[in-house]
Structures are given as C-alpha cells and as structure tokens.
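# Per-entry structural report
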Amino acid sequence: MKEIVNNIFSQNTFDFQELAIRVFQNQYLYNCVYQAWTDALSIDPLTVKTINEIPFLPVSFFKDHPVTTGDFIPQIVFASSGTTQTATSSHYVKDLALYEKSFTRGFQLFYGDVSEWCIIGLLPSYLERHGSSLVTMVDKLIKLSNHAQSGFYLYDFNKLAAVIEQLETLGQKTMIIGVTFALLDFAAAHPMKLKHTVIMETGGMKGRKREMIRREVHEILKTQLGITEVHSEYGMTELLSQAYSKGEGTYKTVPWMKVLVREEDDPLKVSGSGRGILNIIDLANIDSCSFIATDDAGVVYEDNTFEVVGRMDASDVRGCSLLVV
C-alpha cells in the first residue's frame, strides 16, 4: 500500500481505475466492516473490474462501526460535528502524516505555495469541540504559511477586520477559511471591498441561523465584501481529501479523488456522470475505506466536476455543507 500512496501523491499521472481496484481488493480482505457489506450485497470481489462496479460503503457506517483496514492504534480520531440529536461519525486515522500530505498537496494544486498566503481560520464552532479534521487542516496550513498574521479568530470581528484591512493595504494574498454563519456575521458587522482576499466557506449553520441556500449565502458575501466569487471546500470527517470550488458552487477534485453518482432507487447502479446521489472514491483513505456512499444529492459532469444540490431526505444535517445549493 505504500507504493499506492507514493503514486497518488506523485507529480506523475497514474491509472486511477487500476489503483482503485487494487485498493478495493485490499480493503475487502482486511476491512471486516467493508467485507461484510460487500458480501451482504452478494458482490464477488473477483468480478469487479471497473470503478462503477465497486461497492460503496454508506457513510452512516462511520457512526456505528470502527471502519479500519487492518488492525492499528489510530494516531488521531476525527469526529464529525453532528448535533445533540444525531450520532457523530468517527474516522480512525492510522497516520496523520497521510492526511497532512493529502490536504497540503491539494492546496498546492489549487492555490499554489501556501507560504505565499496569509491563512485565517474563522471556525468558532469547530474550535469549541475536539476532533475536527477541518481545524487540523487549517491549523497546519496556518503553520506552513509562516505569516505573522495567520491564525484562528473566534468572535473578535473588530480585530479581524483591522488585520484584513492591513493585509489589503499591503497587497498580501489572504485566505479566510470560515464556517458559514461566522462569515455572514463578520460580513454584516464589517462590510468592505476585498481585492487580495479569498473567502472560502466550509458550510455549516448548525442552528445558529436559518438554513439558507448556498447561492443566497454567496450573494450576501459577495455584496458585503465586494468580491466576485466565493470559494468553497467540500470535505467531510470520513474523507482525508477535499474538493474545491472557486465559484458558482462547481467543485473539482484532487487527482486521487473521484466523484461518481448513483441512482436513489437503485444504489448499485453507478455512473461516471449525471444526476443522483454522490459516491466518492478517496484513495487517501487507504487505512479506512476509500469508497463512500454519501447522503449528498448532486450532479456530476463529463469533465469530472460536480455540484451538490441537496441532501437525501432521511440524512442528518452535516456541518460541512449547506442544506441546498
């Protein structure tokens, strides 16, 4: 498996389907939860030849089972935000360095060298609990940026506004990675015109405000902050990789991640494009499960980009995406 990890993060292109099939075969053998699910579907792993034929594990399994490939003591356990009424997911991470490699390489592919940026985390609800993979990611990016003004900001919007104004004056490339309700609160309290600052929303109202469609959120932020686009991050506790949107809610994945679509009334019918419920292959999930059937409804396009257009009716409200786009 070390060879696969080296391949997916290398600068060279690789055969995604070939590696995915190898990961599937390994996880079937050494992940008892995934093996039981595959067997329950009466799928013979030896007959699986394409990524569309791979069985996808329902994301809800991370709430009730330790989804691990092999036996190990996790270096860290990421926990989803959830609500007081819902169970939370746990992702047992064997090697934190693998997660760091995934998100740092992903950031580099989309935004270049992190050392050129000032990274600001506006994630109050996530900082107030333990086990957030998002906080772990942003904290590492803050450290790697090595910028004096990089850091987390809670509810001191006056201080944050002063810092942003100073960075704008200097022409410093800045990224604010924020939970939706905090970004809306900040923009309402300190409207300004940003030229050198990227606003990246990670979703999440968590009962702080009425749920809003993503387009509505983005229009408010664009108007109040004087920007033309709002960037978004698509990630979840159960994944070690992220997809990014640089505007209009259209996401693009990193090379070691692929989004497929399944039919709601026939979840074993999976396609490479179309409208339905999103299935995600994340090859960085080498020590858990790389094949996740999410609860997000969406559209996958021929060019491998995708949109999230809602959520299955029976699924929980998740912290890292808005209810409807």
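About the thresholds
Residues numbered from 1 in each chain as written. Predicted model: local features only at pLDDT ≥ 70, side-chain atom pairs only at ≥ 80, totals over all residues. Heavy atoms only, no water. Helix = DSSP H or I, 4+ residues; strand = E, 2+ residues; numbered from the N terminus. Rg over C-alpha atoms; globule rule 2.2 N^0.38 Å. Contact = heavy atoms within 4.5 Å. Areas by Shrake-Rupley, 256 points an atom, 1.4 Å probe, with all protein chains shown as cover. Buried < 20%, exposed > 50% of the residue type's maximum accessible area, 1.4 Å probe, protein only. Pairing = 2+ DSSP bridges. Phe/Tyr/Trp six-rings, centres within 6.5 Å; stacked < 30°, edge-to-face > 60°. Lys NZ or Arg CZ within 6 Å of the ring centre and 35° of its normal. Core = buried A, V, L, I, M, F, W, Y, C linked by side-chain atoms within 4.5 Å. Expected span 1.5 Å × (residues − 1). Polar contact = N/O pair within 3.5 Å; in protein donor to acceptor, adjacent residues only side chain to side chain. pLDDT = per-residue confidence, 0-100. Axes fitted to C-alpha atoms, helices over the stretch in contact; angles between N-to-C directions. Parallel < 35°, antiparallel > 145°, perpendicular 65-115°, else oblique. Nonpolar A, V, L, I, M, F, W, Y, C, P; charged D, E, K, R; others polar. Salt bridge = Lys/Arg side-chain N within 4 Å of Asp/Glu carboxyl O. Left-handed = near helix turned anticlockwise from the far one by under 90°.

This part covers the overall build of the protein. Looking only at helices and strands, the protein features 10 helices and 15 strands. Here the C-alpha radius of gyration of the protein, 19 Å, is about what a compact globule of 325 residues would show, namely 20 Å. Oriented by its inertia axes, the alpha-carbon framework of the protein measures out at about 60 × 40 × 40 Å. The contacts of the protein with a sequence gap of at least 6 include a subset with a gap of at least 24, amounting to 64%. By element, 50% of the accessible surface of the protein is carried by carbon and sulfur atoms, the whole surface being about 14,100 Å².

We now examine the pairing of strand β6 (residues 174-178). With respect to burial, β6 is a largely interior element, 5 of its 5 residues being buried. Here β6 shows a buried face lined by T174, I176 and G178 and a second buried face lined by M175 and I177. Sheet topology note: the strand β4 (residues 118-122)/β6 ladder contains 5 bridges and is parallel. Residue G121 lies in a different strand from β6, and its bridge partner there is I177.

The next subject is the packing of aromatic side chains. Under the criterion given, the structure shown has 19 aromatic pairs. Measuring from ring centre to ring centre gives 6.0 Å for F24 and Y34, while their planes differ by 85°; the resulting arrangement is edge-to-face. Linking F24 in helix α2 (residues 16-30) with Y34 in helix α3 (residues 32-40), this pair joins segments that are 10 residues apart in sequence. Just above the ring of Y111 sits the side chain of K246; from NZ or CZ to the centre is 4.9 Å.

Grouped together as the largest cluster of nonpolar side chains are 101 residues, with contacts concentrated most on I54, I119 and F291. When residues no more than four places from it in sequence are discounted, the contact partners of F291 are A20, V23, F24, Q27, Y34, I54, P55, F56, L57, I280 and I281.

So, about α2. The terminal C-alpha atoms of α2, which comprises 15 residues, lie 21 Å apart, in line with the 21 Å expected from a rise of 1.5 Å per residue. Within the sequence span of α2, burial applies to F16, L19, A20, I21, V23, F24, N26, Q27 and Y28. Tucked into the core, α2 has its buried residues touching α1 (2-8), α3, β11 (257-263), β13 (274-282) and β14 (291-300). Between the side-chain oxygen at the start of α2 and the backbone nitrogen of Q17 there is a gap of 3.2 Å, and the oxygen is on D15.

Looking now at the confidence of the model for the protein. Overall, the predicted model of the protein reaches an average pLDDT of 90, with 92% of residues at or above 70. Below pLDDT 50 for its whole length, residues 317-325 participates in 49 contacts with residues either more than four positions away or in separate chains.

This paragraph deals with the packing of helix α8 (residues 157-170) against helix α9 (residues 180-189). In contact at an axis separation of 10 Å, α8 and α9 are set at 75° when each is read in the N-to-C sense. Of the possible angle classes, the one that applies to α8 and α9 is roughly perpendicular. Contacts from F157, L160 and A161 in α8 reach A182, D185, F186 and A189 in α9. Across the contact of α8 with α9, the residue classes tally to 6 nonpolar, no polar and 1 charged.

So, about the pattern of salt bridges. One pass over the structure, following the stated rule, counts 5 salt bridges. Taking the shortest distance from any N to any O, the salt bridge between D139 and K143 comes out at 2.6 Å. Here K143 and D139 lie together in helix α7 (residues 133-145), a separation of 4 residues that amounts to about one turn. Where R214 meets E201, a salt bridge forms, and the shortest distance between an N and an O atom there is 2.9 Å. Of this pair, R214 sits in helix α10 (residues 214-225) while E201 sits in strand β7 (residues 197-201), and the two are 13 residues apart along the sequence. Residues R214 and E201 agree in their burial class; the two are buried.

Here we take up the packing of helix α5 (residues 96-111) against α7. Their axes nearest at 10 Å, the elements α5 and α7 cross at an angle of 65°. In this structure, α5 crosses over α7, and the sense of that crossing is right-handed. Where α5 approaches α7, its residues L96, Y99, E100, F103, T104 and F107 are matched on the opposing element by S133, L134, T136, M137, K140, L141 and L144.

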